[in-house]
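The lines below spell out each chain.
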Amino acid sequence: MISEKMKGYVANSSVIRAMFEEGKKMAAIYGADHVYDFSLGNPNVPAPGAVKDAIIDIVTNEDPVLVHGYMSNSGFEDVRTKIAEHLNAQYGTSYTFNNLVMIVGAAGGMNVFFKTLLNPGDEVVTFSPYFGEYRAYVSNFDGKLVEVQTDPVTFEPDPKALAAAVTPKTKAVILNSPNNPTGVVYSEECIREIARLLEDKQKEYGTTIFIFSDEPYREIVYGEYKVPWIPNYYRNTVVGYSYSKSLSLPGERIGYLVLPSEIDDAEDMISAANVANRILGFVNAPSLQQRVVAKCLNEKTDVDFYAKNRQMLMDGLREAGYTFVEPQGAFYLWLKSPEEDEKAFVAKCKEKQILIVPGSSFGCAGWTRVAYCVSHETVRNSLPGFREVAASYGLCEM
Ligand code: PLP
């Protein structure tokens, strides 16, 4: 009965979601305190108090017909103006409401962008490891996702590998920094190199190649790391932002696209994105949440909470002899499997009630992702189990 395409999607249905369900079952058996579920990037830090205050204020004091009504498919103009001004103050840009489309989370925004851009067979480059849902977002519009390996040590994009993968059919390159699943923040130099290379390729092929900068983790960075504003480095950049992680609002489905006036065919792109938002069935991003985020522009999640988890996890895993990439941002730790088949390692961890995700879900076997957006207790109490698994590989003594 169901379509051929959906058969494929169902068969490859997200491993991460499956593990999340598994975690719930294990919690029923062992008790929630004895299950260490690092599978899903579901923030456990509550939304800042200002979010609740904004909701109460809006539903109490604003016109309900306006608050809960339809609006332009791109979202409320006053909300988009406030966000544009906020971005301008931060990045020295001159965006107006016209450059912003409010979206149903980063996922909704990427579907709007690819609907706007792709003809069947068009290519979209992604650097692996990458957020596995990109496969569906591109294939939804009959595009082809082209995977390019990152540097095996730094996990930053390798411009030479990118050069080899770009073809006259390349419509877009996805960048995701801070990165899910590696936690790497791409350096300014790396962005500059990618920008130079794509400029050259656009000239060589006489085409437009967009960077789509997928930025749900923009504000979650540790220490001195900085996240460059990519439109300031490469003209044909569209940014997708989401409040799912920065304000801990993943269930509320709210974010925005920035389509700068400098991109090729800007007017067409902006009108098409507006229509795409409508005809994909989103119609517009949730109205109440648009008004809420406009009141919370200077709020952000408690990064120190994640920083504490990050430090505890790194200390424990290092002592146990594991190899991993030190997270620079987001709330993921990229952990090397002690054996080639990372799924076997994941299964061993599961025996200790530790749930982590195999790297093959992100297009990079041999590694695993540990999502540390969990309680401090979960991190602390998981470490003996991680150590026992490490000892079973001879990485440390028990
Ligand atoms: N892009 C990346 C890299 C993500 O990690 C996620 C969610 O985890 C998304 C997009 C989707 O985010 P949203 O919940 O805003 O749709």
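Each chain has its residues counted from 1, following the order in which its sequence is written. With the structure being a predicted model, the display of local features is reserved for residues of pLDDT at least 70 and the display and counting of side-chain atom pairs for 80 or more, all residues being used for whole-chain, interface and lining totals. The side-chain values count all of the structure's non-hydrogen atoms but skip hydrogen atoms and water molecules.

**Quick word on the state of the cysteines**
So, point 1. Throughout, disulfides are identified as pairs of cysteine sulfur atoms within 2.5 Å of each other. The final tally for this structure, using the stated rule, is 0 disulfides.
So, point 2. Of all cysteine sulfurs in the structure, the one in Cys-190 sits closest to Cys-364, which takes part in no disulfide; the separation is 16 Å.
So, point 3. For the unlinked cysteine Cys-396, the closest cysteine sulfur is that of Cys-349, found at 12 Å.

**Thoughts on the environment of Leu-297**
So, point 1. Runs of H or I in DSSP of at least four residues are treated as helices and runs of E of at least two as strands, each being numbered from the N terminus. By the element assignment, Leu-297 lies in the loop between helix 12 (287-295) and helix 13 (303-319).
So, point 2. Linking Leu-297 and Leu-247, residues 50 residues apart in sequence, is a C-alpha distance of 9.8 Å.
So, point 3. Every residue pair with non-hydrogen atoms within 4.5 Å of one another is taken to be in contact. Residues in contact with Leu-297, not counting those within four places in the same chain, are Lys-82, Ile-83, His-86 and Tyr-243.

**Describing the sheet that holds strand 10 (residues 332-336)**
So, point 1. Judged by pairing direction, the sheet is antiparallel, and its 4 strands sit side by side in the order 9-10-13-12 without closing on themselves. Of all the strands in the sheet, the pair left with one neighbour each is strand 9 (324-325) and strand 12 (357-358).
So, point 2. The sheet contact formed by strand 12 and strand 13 (residues 367-371) spans 2 bridges and is antiparallel. Across the sheet, residue Pro-358 finds its bridge partner in strand 13, namely Thr-368. Two strands form a pair only when DSSP identifies at least two bridges running between them.

**Quick look at empty space enclosed by the protein**
To locate leftover empty space, one rolls a probe as large as a water molecule over the atoms.
So, point 1. Within this scheme a cavity is a closed region of a 1 Å grid, computed over the protein atoms alone, that accommodates a 1.4 Å probe without allowing it to escape, whereas a pocket is open but has protein on both sides within 12 Å along at least five of seven lines; lining residues each have an atom within 4 Å of a point. Grid points are joined across faces, edges and corners, and a volume is the space filled by probe spheres set on the points. Per the stated rule, a full pass over the model turns up 1 cavity of 30 Å³ or more.
So, point 2. Here the largest cavity defines a volume of roughly 40 Å³.
So, point 3. In terms of lining, the largest cavity is formed by Thr-126, Phe-127, Tyr-130, Tyr-134, Ile-174, Leu-175, Asn-176, Asn-179 and Tyr-186.
So, point 4. Taken together, the elements giving at least two residues each to the lining of the largest cavity come down to strand 3 (123-128) and strand 5 (170-175).
So, point 5. Here the residues of the lining of the largest cavity sort into 6 nonpolar, 3 polar and no charged. Basically, the charged four are Asp, Glu, Lys and Arg, the nonpolar ten are Ala, Val, Leu, Ile, Met, Phe, Trp, Tyr, Cys and Pro, and anything else, Gly included, counts as polar.

**Thoughts on the site of the ligand**
So, point 1. Here a residue counts as near a molecule or strand whenever at least one of its heavy atoms sits within 4 Å of it. The immediate surroundings of the ligand are formed by 14 residues, with Asn-180, Asp-214, Tyr-217, Ser-242 and Arg-253 found nearest.
So, point 2. Nitrogen and oxygen atoms within 3.5 Å of one another constitute a polar contact, given that in protein one can donate a hydrogen and the other can accept it, and given that sequence-neighbouring residues count only through two side-chain atoms. Contact between the ligand and Asp-214: a nitrogen atom at 2.6 Å from a side-chain N or O atom of the residue.
So, point 3. Interatomic distance of 2.9 Å between a side-chain N/O atom of Lys-245 and an oxygen atom of the ligand.
So, point 4. In the complex, the protein chains occlude 92% of the 400 Å² of accessible area that the ligand would expose alone.
So, point 5. Those elements that provide at least two residues to the shell around the ligand are helix 6 (105-117) and helix 10 (243-246).
So, point 6. Taken together, the residues of the shell around the ligand break down into 6 nonpolar, 5 polar and 3 charged. In this description, accessible areas are obtained by the Shrake-Rupley approach with a 1.4 Å probe, and a residue is regarded as covered only by the protein chains that are shown.

**Things to note about the pattern of salt bridges**
So, point 1. Salt bridge, as used here: a side-chain nitrogen of Lys or Arg that lies within 4 Å of a carboxyl oxygen of Asp or Glu. The tally for this structure, following the rule as stated, stands at 15 salt bridges.
So, point 2. A salt bridge links Arg-196 to Glu-189, with the nearest nitrogen and oxygen atoms 3.5 Å apart.
So, point 3. Salt bridges linked by common partners bring Glu-62, Asp-78 and Arg-291 together as one network.

**Observations concerning the environment of Leu-257**
So, point 1. Position of Leu-257 among the secondary structure elements: in strand 8 (residues 255-258).
So, point 2. Residue classification places Leu-257 among the buried positions, given a relative accessible area of 0%.
So, point 3. For the pair Leu-257 and Asn-99, spaced 158 residues apart in sequence, the C-alpha to C-alpha distance is 8.0 Å.
So, point 4. Setting aside chain neighbours within four positions, we find Leu-257 in contact with Asn-99, Leu-100, Val-101, Ile-103, Gly-109, Val-112, Phe-212, Val-238, Val-239 and Gly-240. In this scheme, a residue with accessible area under 20% of its type's maximum is buried, one over 50% is exposed, and one in between is partly exposed, where area comes from a 1.4 Å probe on protein chains only.

**Digging into the domain arrangement of the protein**
So, point 1. For the domain bounds, the source is a domain assignment made automatically or taken from a database. For the protein, the domain assignment lists domain 1 (4-45 + 302-392) and domain 2 (49-294).
So, point 2. Computed from C-alpha coordinates alone, the two centres of domain 1 and domain 2 are separated by 27 Å.
So, point 3. Taken together, the 28 residues of domain 1 in the interface contact 32 residues of domain 2.
So, point 4. Both sides together, the interface formed by domain 1 and domain 2 hides about 2300 Å², and carbon and sulfur atoms give 57% of it.
So, point 5. What gets called buried area is simply the loss in accessible area from a 1.4 Å probe that two parts show on being joined, summed for both. Among the residues domain 1 hides against domain 2, the three largest losses belong to Gln-328, Ala-330 and Phe-362. Together they make up 26% of the total.
So, point 6. Where domain 1 meets domain 2, there are 1 salt bridge.
So, point 7. Between Asp-142 and Lys-5 there is a salt bridge, with the nearest N and O atoms lying 2.8 Å from each other.
So, point 8. Our enumeration of links across domain 1 and domain 2 arrives at 17 residue pairs in polar contact (both at pLDDT 80 or more).
So, point 9. Those elements that place two or more of their residues in the side of domain 1 that touches domain 2 are helix 1 (4-11), helix 13, strand 10 and strand 13.
So, point 10. No other element matches the 4 residues that helix 13 contributes to the side of domain 1 that touches domain 2.

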